[in-house]
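Architecture at a glance
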Amino acid sequence: MAFSPKVKRTTKHGDGAQNLLRSQKDAYARLLNQHQNGKFRSYLQELATQQVEESMSTSVSRSVNVVSRRKKGNSESSYSVDSLSSQQSRQMADASICSYTDKTSYQVTCTEDQGIKPGMLEKHARMELHKAAAPKKVPSKPQHKRNEKDIKISSNLVGSEEGDSQQLSCSCGEEQAKDKSKKKRLKGNLAKKDEGECGPEVDVITGKSPNKNIKAPQTQASKESLLQNNKDKGTKSGRGSRKQLFEEYMRTEDVSAGLERGELIKGVLRINPKKYKEAFVPSPDGSADIFLDGIAARNRALNGDVVVVKVLPPEQWKEVSGDINERTLANQMVPKAPDVIVEARYNEDDEVIGKMKNVCLHDKAPVTTQSVKHGSAFNISGSSSERAMQRTGKVVIIFEQKHSRAASGFLKFLPNKNFAMFSPVDHRIPRVNVPLVDCPADFVSRPGDYENVLFICRITHWPADNNFAEGRLAKTLGQAGEIEPETEGIMTEYDVDFSEFSEEVLNCLPQDLPWSIPAHELSRRRDLRKECVFTIDPATARDLDDALSCKQLSDGNFEVGVHIADVSYFVEEGSVLDQIAGKRATSVYLVQKVIPMLPRLLCEELCSLNPLTDRLTFSVIWKLSPEGKILSEWFGRTVICSCIKMSYDHAQSMIEAPDKHFSAEELPPCSTNHRIHEIKEAILNLHNIAKQLRAQRFESGALQLNQLKLSFSLDKESSMPQGCYVYQYQDSNKLVEEFMLLANMAAAHQIYRTYPELAILRRHPPPQSKMVDDLQEFCDQMGLDIDLNSSRGLHRSLNENLGNDEYAAARREVLTHMCSRAMQMASYFCTGALKDENSFHHYALNVPLYTHFTSPIRRYVDVIVHRLLAASLNCGPPLSLSLEEVHKLASHCNDRKTASKRVQELSSELFFAVFVKECGPLDSEAMVMGVLDQSFDVLVLRYGVQKRIYCNSLEGLKAVHFRKVGKRPEMTLVWEQADPSKESTQQVYYPKQLSVC
């Protein structure tokens, strides 16, 4: 093939074709070392290859066949090839798909996707080669040798299909599938270059490096090496050229020394679910979080991992708009409520995630072409003049892998590769290369059949030189958008064990059924079977682990009992059953079902305090005055027989109608030994005492930040949502809550008195002072009378200072959400692991000691507390666990409780998404919670859910204006009018402003 006359004119003297070949080879070598952009390297590589075509006609024929096969097999190809030159152009462009480029150059996934027309590659290459033909200074010998080595390595990146495959799986820049917005912007840039507007790229090629002290090196690439590289497919040379993307982890001894000197910081990594390249690690001193900017800074750690971080020098800290803690607060906690409005965001997984648009569960609102090309379709004006520097850091080691390394997502077929790409639904998890042998048998031949199928993948390895992890497919879940596949995916991601209990575990249970309490066990317990004992639970509850009793004494005081299922009697310490219960640590309550901690024979039958059945219990019984003052206390093992199973609604009806005579038909089956009137009197007395206890708690400084909870009514056969509503927290709920709190506090004091080193308690640290100060300043700016100096002041502010108009409750909910963000999480701990007794304090309850005793059927910590109680009362063996074992157990239970809570939230989000999809758009008033420059957060009042609304997803929006007045953000939305003669409508938003969504 002949070169164009323009290229021939670049040789001004010499021996014709020989000089032309030499000058082009020299130009190629110089340009390849000057320019680290894979796209331009492929252009120049093509020219060098064209010089040797006459001596490799067979190779050219093979290249044509390869291009033809690729064209047929690659559904992503967007243009055709109709000449040999264009075919070679396509081949070289394909070969450069995943050649690694320097950080300073932009990345190209595939040149076909950039809108480059046939022949454009030759035009660009001729222009660059012509400019590079000018004489250059010869570099020094060491530099020449180094560059020659670089040339050999770089040349191995092109002309090899398998080399492409290796690079595609490992070092395709930051991501493999590019964002459409970047592609379209790049297309425009290439068009400008085609017209002669080469910009900084041309400066580099012509020797004008951005750093003027750097001179372009000169070297040669031999024709033989180029030919060899075209032939040597599948060699390891391509892999050898991969640049390390992540730093090697620091040695353990260096980490320990750095932590002791305070040079390193250990904390839990938290990745922003809305912007997966942003991550945070809390600062030990309570100041603003340390910001980890980009995937490389995370160093392969995943959300929830305990990491050790090194703070970068101040010159590398990040300048942020406004107050640092506003940003920290906004990303501190995962959303606690399901989504309601589809949000817009720029998504790099445009092709794979685009297939989820009909799923509705994890969708993001599509971004228009205009928005992608110009960054925003709206006129965003106004910005904060405030600037602050946030500390940045990088992960030097993963101290403990808390993330399960499992994810649900979709498979993408990659032509001519021996692996497929797994793209997780959660963008915080990297994409994973999985071997084709793990994929369904017909995946290669029919990949379209699996576009909307969810899979589970487990990450097995994440190399330091690879943007993508390596993993294996664990399971095919089913169609995305269906409740059961989605639910299983959620549970697997959060490492919830939902498998059936093994035979070995079931053999630990009583085998002689129906089971009855042995006579010798009855003789060792206090018999309360004749007492009026009853349960109050949700109507659908099956695991009834607590019961109440109340009778008035002759002196006017009351004997009140809290009776808890004696699970520790059935779960022997150290047994296989005990081990699996400890591993699960908690039951997980989904919308449609429960994943139990214990086998159902225990949690629904033998341990459950079902009515009219003798059951073993652990009881605490007080003598209380009518004002709720504790006069005496007794702990011990008991046996009860519940006379009735009441729901919260049943108890509430009695509280609301104290004079009403309830018939047997209005209530569940009741024991003939106790009249309905007796039960009602007991509930009313408990209600009156509970009101006294509650008032005393809050007067003493307790704080309650209850957030709205969404509940569902389900179809009995299909379990599909038929309706949703905000769960109503009633006086009957408060009644039960007060006595459970009282029992938990009593148990905490009892086990700590006896076992000051082994007691497992629950602490709640006060909120971080810096965040409280910022929140207080923000409330003052907003004109909100909120006292954040103490838990008592905050509780009083939320309940007394927000007015009494129709939106007072909404304002309270918004402020509750905002205050919750500043709060730290409560956690279990071993008393021997914390030397300062002041750190035992529970901030929200404002009590010195607290634990969990009242739910052993669903919480393993409660089982341990029962064992400690039994040992302290000499009615059970001593606990065999050491201080270190209790400490590890507390940490494990904290992890599982956090995971369980998140799974429950995601289950609620899933059902709400399905409900919205089935019922269509839902309208509700919403209150603005926060305002950013291009989005705002709202609380949807009807459903109690919070959501971020992106301005670029709002139809009919003409312009957005944002500004800050002090710390108060303000956004003005300008709406288009249907009638052009009318002026545009403006809406001003700021936190607490009401609007209709």
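The rules behind each value
Residues numbered from 1 in each chain as written. Predicted model: local features only at pLDDT ≥ 70, side-chain atom pairs only at ≥ 80, totals over all residues. Heavy atoms only, no water. Patch = residues over 30% accessible without salt bridge, like charges linked within 9 Å, V, L, I, M, F, W, Y side chains within 5 Å. Areas by Shrake-Rupley, 256 points an atom, 1.4 Å probe, with all protein chains shown as cover. Salt bridge = Lys/Arg side-chain N within 4 Å of Asp/Glu carboxyl O. Helix = DSSP H or I, 4+ residues; strand = E, 2+ residues; numbered from the N terminus. Pairing = 2+ DSSP bridges. UniProt positions renumbered as here; feature names shortened; annotations may be inferred. Buried < 20%, exposed > 50% of the residue type's maximum accessible area, 1.4 Å probe, protein only. Contact = heavy atoms within 4.5 Å. Core = buried A, V, L, I, M, F, W, Y, C linked by side-chain atoms within 4.5 Å. Lys, Arg positive; Asp, Glu negative; His and termini not counted. Charge placed at Lys NZ, Arg CZ, Asp CG, Glu CD. Phe/Tyr/Trp six-rings, centres within 6.5 Å; stacked < 30°, edge-to-face > 60°. Lys NZ or Arg CZ within 6 Å of the ring centre and 35° of its normal. Axes fitted to C-alpha atoms, helices over the stretch in contact; angles between N-to-C directions. Parallel < 35°, antiparallel > 145°, perpendicular 65-115°, else oblique. Nonpolar A, V, L, I, M, F, W, Y, C, P; charged D, E, K, R; others polar. pLDDT = per-residue confidence, 0-100.

1. Some remarks on a nonpolar patch on the surface
A cluster of nonpolar side chains, namely Tyr725, Tyr727 and Tyr729, defines an oily patch on the protein surface of about 290 Å² accessible area. Positionally, Tyr729 belongs in the loop between β27 (721-726) and α25 (731-754).

2. Points about the pairing of strand β15 (residues 453-461)
Taken together, the four bridges between strand β12 (residues 406-412) and β15 define a ladder with antiparallel strand orientation. Among the inter-strand pairings, Gly409 is bridged to a residue of β15, identified as Phe455. As judged from the eight bridges shared by β15 and strand β16 (residues 469-479), these two strands associate in the antiparallel manner. Counterpart to Val453 in the pairing with β16 is Gln479.

3. A few points about the UniProt feature "binding site: Mg(2+)" (unreviewed entry) in the chain
Under the UniProt annotation, "binding site: Mg(2+)" (unreviewed entry) lies at Asp537 and Asp546. Structurally, Asp537 can be placed in strand β18 (residues 533-537). The class for Asp537 is buried, based on a relative accessible area of 8%. The contacts of Asp537, once residues within four sequence positions are left out, are Leu544, Asp546, Met646, Ser647 and Tyr648. Summarising the element assignment, Asp546 is placed in strand β19 (residues 546-552). Using a relative accessible area of 8% as the deciding quantity, one classes Asp546 as buried. Not counting the four nearest positions on each side in its chain, Asp546 is found in contact with Thr535, Ile536, Asp537, His563, Ile564, Leu609, Val736, Met740 and Thr854.

4. As for the nonpolar core
The biggest cluster of nonpolar side chains holds 101 residues, and the ones touching the most others in it are Phe534, Leu548, Phe739 and Phe853. Once you skip the residues sitting within four places of it in the chain, Leu548 turns out to touch Cys532, Val533, Phe534, Ile536, Gly561, Val562, His563, Leu686, Leu735, Val736, Phe739 and Met740. In terms of nonpolar packing, the next biggest core, distinct from the first, is built from 26 residues, Phe912, Val931, Val938 and Ile949 among them.

5. Some points on the pattern of salt bridges
Applying the stated criterion across every chain, the model contains 36 salt bridges. Two residues, Asp937 and Arg948, come together in a salt bridge whose shortest N-O distance is 2.8 Å. Separated by eleven residues along the polypeptide, Asp937 in strand β31 (residues 935-940) and Arg948 in strand β32 (residues 945-950) bring together distant segments of the chain. Note on accessibility: Asp937 and Arg948 belong to one class, buried. A salt bridge links Arg963 to Glu970, with the shortest nitrogen-to-oxygen separation between them at 3.1 Å. Look at Glu970 and you get buried, because its relative accessible area is 15%. One continuous salt-bridge network, built from bridges that share partners, spans Glu521, Arg524, Arg525, Asp566 and Arg637.

6. Quick word on a negative patch on the surface
Residues Asp773, Glu777, Asp780 and Asp785 make up a contiguous surface patch of negative charge. Along the chain, Glu777 turns up in helix α26 (residues 769-781).

7. With respect to the sheet that holds strand β2 (residues 270-271)
The three strands lie next to each other as β2-β3-β4, forming an open sheet whose pairing is antiparallel. Strand pairing shows two members of the sheet lacking a second neighbour, β2 and β4 (290-293), which therefore form its edges. The pairing of strand β3 (residues 278-281) with β4 spans four bridges and is antiparallel. If you follow Phe280 over to β4, its bridge partner there is Phe291.

8. Remarks on helix α27 (residues 791-800)
The complete set of buried residues in α27 reads Ser791, Gly793, Leu794, His795, Ser797 and Leu798. Next to the buried residues of α27 lie α24 (676-699) and α28 (808-822).

9. Describing the UniProt feature "site: Important for catalytic activity" (unreviewed entry) in the chain
The sites that UniProt annotates as "site: Important for catalytic activity" (unreviewed entry) are Asp545. Among the structural elements, Asp545 can be located in the loop between β18 and β19. Those residues in contact with Asp545 that sit more than four places away from it in its chain are His563, Ile564, Ala565, Leu609, Thr854, Ser855, Pro856, Ile857 and Arg858.

10. Overview of the packing of aromatic side chains
All told, the structure shown has 14 aromatic pairs when counted by the stated rule. With centroids separated by 5.4 Å and ring planes inclined at 45 degrees, the aromatic side chains of Phe280 and Phe291 adopt a geometry described as tilted. On the criterion of sequence distance, the pair formed by Phe280 in strand β3 and Phe291 in strand β4 is long-range, its members being eleven residues apart. With 5.1 Å between their ring centres and 65 degrees between their planes, Trp515 and Phe570 make a pair best called edge-to-face. Of this pair, Trp515 sits in the loop between α18 (503-506) and α19 (519-523) while Phe570 sits in helix α20 (residues 567-570), and the two are 55 residues apart along the sequence. Residues Trp515 and Phe570 agree in their burial class; the two are buried. In textbook terms, an aromatic cluster arises when at least three aromatic residues are bridged by ring pairs, as seen for Phe413, Phe443, Tyr450 and Phe455. When the ring centre of Phe698 is taken as origin, the NZ or CZ atom of Arg697, which lies over that ring, is 4.9 Å away. For the cation-ring pair, Lys709 lies above Tyr727, with the distance from its terminal atom to the ring centre recorded as 5.6 Å.

11. Re the pairing of strand β34 (residues 968-975)
Counting buried positions along β34 gives seven out of eight residues, so the element sits mostly inside the fold. Here strand β33 (residues 957-965) runs beside β34; their pairing, made up of eight bridges, is antiparallel. When the bridges of β34 are listed, Phe962 appears paired with Met971.

12. A word on the side chain of Glu738
Inspection of the secondary structure puts Glu738 in helix α25. Beyond its immediate stretch of four places on either side in the chain, Glu738 contacts Ala690, Leu693, Arg694 and Arg697.

13. Things to note about helix α17 (residues 483-493)
Since the α-helix advances by 3.6 residues per turn, residues separated by three or four positions end up pointing in the same direction. With respect to burial, α17 is a largely interior element, ten of its eleven residues being buried. Of the residues making up α17, those classed as buried are Ile483, Pro485, Glu486, Thr487, Glu488, Gly489, Ile490, Met491, Thr492 and Glu493. In the core, the buried residues of α17 are packed alongside β12, β15, β16, β22 (594-595), β27 and α30 (883-919). One or two steps after α17, the chain reaches Asp495, where phi turns positive at roughly 60 degrees.

14. So, the sheet that holds strand β5 (residues 306-311)
Think of a sheet as strands paired side by side through backbone hydrogen bonds, with each pair either parallel or antiparallel. Sheet architecture is open: three strands sit in the order β1-β5-β11, paired in antiparallel fashion. If you trace the sheet from one side to the other, it starts and ends with β1 (264-268) and β11 (393-400), each paired once. Between one strand and the next, the sheet's axes are offset by a mean angle of 30 degrees, whatever the strand orientation. Inspection of the sheet shows β1 paired to β5 by five bridges, in the antiparallel sense. The residue bridging Lys266 from the neighbouring strand is Val308, located in β5. Helix α13 (residues 252-261) rests against β1, β5 and β11 of the sheet, and its axis sits at about 100 degrees to β1.

15. Here's the deal with the packing of helix α23 (residues 648-656) against α24
Their axes nearest at 10 Å, the elements α23 and α24 cross at an angle of 80 degrees. In terms of orientation, α23 and α24 fall into the roughly perpendicular class. Between α23 and α24, the contacting residues are Ala651, Met654 and Ile655 on the first element and Lys680, Ile683, Leu684 and His687 on the second. Looking at side-chain class alone, the contact of α23 with α24 contains five nonpolar, one polar and one charged residues.

16. Observations regarding the confidence of the model for the chain
Model confidence for the chain is summarised by a mean pLDDT of 75, while 67% of its residues fall at 70 or above. Mean pLDDT values over the elements of the chain span from 28, in strand β7 (residues 343-344), up to 98, in strand β20 (residues 558-565). Overall, residues 322-386 carries pLDDT values under 50, and its contacts beyond four positions in sequence, including any with other chains, amount to 191 contacts. Confidence over residues 992-997 falls short of pLDDT 50; this stretch has 26 contacts with residues more than four positions distant or in other chains.

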